[in-house]
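The lines below spell out each chain.
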Amino acid sequence: MYNYIIGSVTHIEDGQITLNTGSVGFLINASQSLQSKAKFGELLTAFVHLDIKETSHTLYGFESTQEREFFQLLLTVSGVGAKSALAMMSLGVNELARAISSRNSLVLSKVKGVSAKLADKVILDLRAKVMKKFDAVDVEVTQLEKSSEVNDAIMGLMSLGMNKSIVEQLVSMIDCTDKTAEEIIKLCLSKRGG
């Protein structure tokens, strides 16, 4: 129904902004990136998604069409509502795409209101779509798999009794470039401890 709203910022509150377009003030639940651009009294463009329910019509606003598209993609997952989708968007499009494409549920489950089970479901349902739509090719993961140092580190961590999927998630969270297997293991153990 609406594509975007351009208006003067008249109200900024945690998670919400109001855009005045003349005689109408639109209350918008804003993504973090859109809210960070909002300055009181200045013009702002919000790319919007209208969420229609029986008892309410709620606007969600985004800095770009790509950000809105990712939000709408998250809504296609059963169990993901507008609030949890907006919370996941706080990671940013690139970080979110990277987490989903590399099957890193740890990153998603750190978002408030997102359980480990829901994070796994998002990855399962959206990984192929995200990699196709947002060019989130998990080159890093592919390169990691080819690195003998990384493979040695993975084997070493598994020999300590750690689950393979957890090990791979930990490895995907760190920069393994030019690091020995021992350095990678230490970094993974410190990540796990933190």
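Above this text is the structure in question.
Notes on the structure in this doc start here. (Residues numbered from 1 in each chain as written. Predicted model: local features only at pLDDT ≥ 70, side-chain atom pairs only at ≥ 80, totals over all residues. Heavy atoms only, no water.)

This part covers unusual backbone geometry. Positive phi values are uncommon outside glycine, yet Arg-103 reaches one of about 55°. Given the relative accessible area of 48%, Arg-103 is considered partly exposed. (Buried < 20%, exposed > 50% of the residue type's maximum accessible area, 1.4 Å probe, protein only.)

This paragraph deals with the pattern of salt bridges. According to the stated counting rule, one finds five salt bridges in the structure shown. When the shortest N-O distance is used, the salt bridge between Asp-125 and Lys-121 registers 3.2 Å. Here Lys-121 and Asp-125 lie together in helix 6 (residues 116–133), a separation of four residues that amounts to about one turn. Among the residues examined, Lys-121 registers a relative accessible area of 32% and is labelled partly exposed. The closest approach of N and O atoms between Glu-182 and Lys-186, which form a salt bridge, is 3.5 Å. With Glu-182 and Lys-186 both in helix 10 (residues 181–193) and four residues apart, the pair spans about one turn of that helix. With a relative accessible area of 53%, Glu-182 lands in the exposed category. A residue is classified by how much of its surface remains accessible, and Lys-186, at 54% relative accessible area, is exposed. (Salt bridge = Lys/Arg side-chain N within 4 Å of Asp/Glu carboxyl O. Helix = DSSP H or I, 4+ residues; strand = E, 2+ residues; numbered from the N terminus.)

The next subject is the packing of helix 4 (residues 93–101) against helix 6. In the contact formed by helix 4 and helix 6, the axes pass within 8 Å of each other and the chain directions differ by 115°. In terms of orientation, helix 4 and helix 6 fall into the roughly perpendicular class. When the axes of helix 4 and helix 6 are compared, the crossing they make is left-handed. Residues Ala-97, Ala-99, Ile-100 and Ser-101 of helix 4 pack against Val-122, Ile-123, Leu-126, Arg-127, Val-130 and Met-131 of helix 6. Across the contact of helix 4 with helix 6, the residue classes break down as eight nonpolar, one polar and one charged. (Axes fitted to C-alpha atoms, helices over the stretch in contact; angles between N-to-C directions. Parallel < 35°, antiparallel > 145°, perpendicular 65-115°, else oblique. Left-handed = near helix turned anticlockwise from the far one by under 90°. Contact = heavy atoms within 4.5 Å. Nonpolar A, V, L, I, M, F, W, Y, C, P; charged D, E, K, R; others polar.)

Let us now look at the sheet that holds strand 5 (residues 57–62). In a beta sheet, neighbouring strands are held together by backbone hydrogen bonds and run either parallel or antiparallel to one another. Spatial ordering of the closed barrel is given by 1-2-3-5-4, a layout of five strands whose pairing is mixed. Taking the axes of each pair of neighbouring strands and ignoring which way they run, one obtains an average angle of 55° across the sheet. As paired strands, strand 4 (residues 43–52) and strand 5 are joined by six bridges and run antiparallel to one another. The residue bridging Ile-52 from the neighbouring strand is His-57, located in strand 5. In the packing of helix 2 (residues 65–75) onto the sheet, contacts are made with strand 4 and strand 5, and the angle to strand 4 comes to roughly 15°. On top of the sheet, helix 3 (residues 82–89) reaches strand 3 (25–30), strand 4 and strand 5; it is set at about 10° to strand 5, its chief contact. (Pairing = 2+ DSSP bridges.)

So yeah, pure geometry; function would need other evidence.
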